[in-house]
Structures are given as structure tokens and as C-alpha cells.
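Coordinate inspection notes
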Amino acid sequence: MITAIVLIKTSVDRIPEIAEQIAALESVSEVFSVTGTYDLIAMVRVREHEDLAEVIPGRISRIPGVEGTDTHVAFRTYSQHDLEAAFAIGLDS
């Protein structure tokens, strides 16, 4: 599974509407409204790198009000659950 973090600039007056449209897309697991340079962050999960082109420029960027995206592809995922499991290895007596 490939995870991409997509930073999205939008028309400020349409953030909730655009966020809902992005969240409804297949392969988008979460959309966050955030402060800072970008208005939204979307988590995109696909099976192959080629699928990113279909989802990000093919769907997200074509939603009216999306002004631009900046995509970061994750090399590895770390979660609290994964870290607890890693540190617990060999510690059981």
C-alpha cells in the first residue's frame, strides 16, 4: 500500500464543501482542515504509484475550488501501535 500526504490550497470560502468532495473520493482515507500555508491535508492510499496520478491530478486537482496541491509520498509508516510492538520485542520475561 502506498500512502501519499496531499497538501491542498483551496478557495477559502469553499473549504468545507471541497473537503467533503475530496473525502468522498475512493482512495482518500481522511481529509483534515488545517492552519498554515495549506487549507486541507488529504491522506491518499493506493496500491500502485500509477494510481496516484489518477487520484491526485486526475480527481483532486479537478475539483472546482482546488487551487493547487503539494504531494509527499511516504516511505514508511510509523504508528503508536507499531512503535509499542517494536519496543516490546524481547522484553517479555
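This text goes with the structure placed above it.
Residues numbered from 1 in each chain as written. Predicted model: local features only at pLDDT ≥ 70, side-chain atom pairs only at ≥ 80, totals over all residues. Heavy atoms only, no water.

**A closer look at the sheet that holds strand 3 (residues 40-46)**
One open sheet holds the 4 strands; their spatial order is 2-3-1-4, and the pairing between them is antiparallel. Edge strands, defined here as strands with exactly one partner in the open sheet, are strand 2 (28-33) and strand 4 (66-73). In this sheet, adjacent strand axes meet at a mean angle of 20 degrees when their direction is disregarded. Of the pairings in the sheet, the one linking strand 2 to strand 3 comprises 5 bridges and is antiparallel in character. Counterpart to E30 in the pairing with strand 3 is M43. Packing of helix 1 (residues 15-23) onto the sheet brings it into contact with strand 1 (2-10), strand 2, strand 3 and strand 4, and relative to strand 2 it is tilted by some 165 degrees. (Pairing = 2+ DSSP bridges. Helix = DSSP H or I, 4+ residues; strand = E, 2+ residues; numbered from the N terminus. Axes fitted to C-alpha atoms, helices over the stretch in contact; angles between N-to-C directions. Contact = heavy atoms within 4.5 Å.)

**Quick word on the side chain of T10**
Relative to the helices and strands, T10 is located in strand 1. Apart from the residues lying within four places of it in its own chain, the contact partners of T10 are I15, I18, D39, L40, G65, V66 and E67.

**Observations concerning the side chain of S11**
Its place among the elements puts S11 in the loop between strand 1 and helix 1. On the basis of relative accessible area, S11 is assigned to the buried category, the value being 18%. Among the polar contacts made by the side chain of S11, one reaches the side chain of E67 at a distance of 3.4 Å. Every residue in contact with S11, bar those within four places of it in the chain, is listed here: I18, G65 and E67. (Buried < 20%, exposed > 50% of the residue type's maximum accessible area, 1.4 Å probe, protein only. Polar contact = N/O pair within 3.5 Å; in protein donor to acceptor, adjacent residues only side chain to side chain.)

Interpretation in functional terms is not warranted from these geometric data alone.
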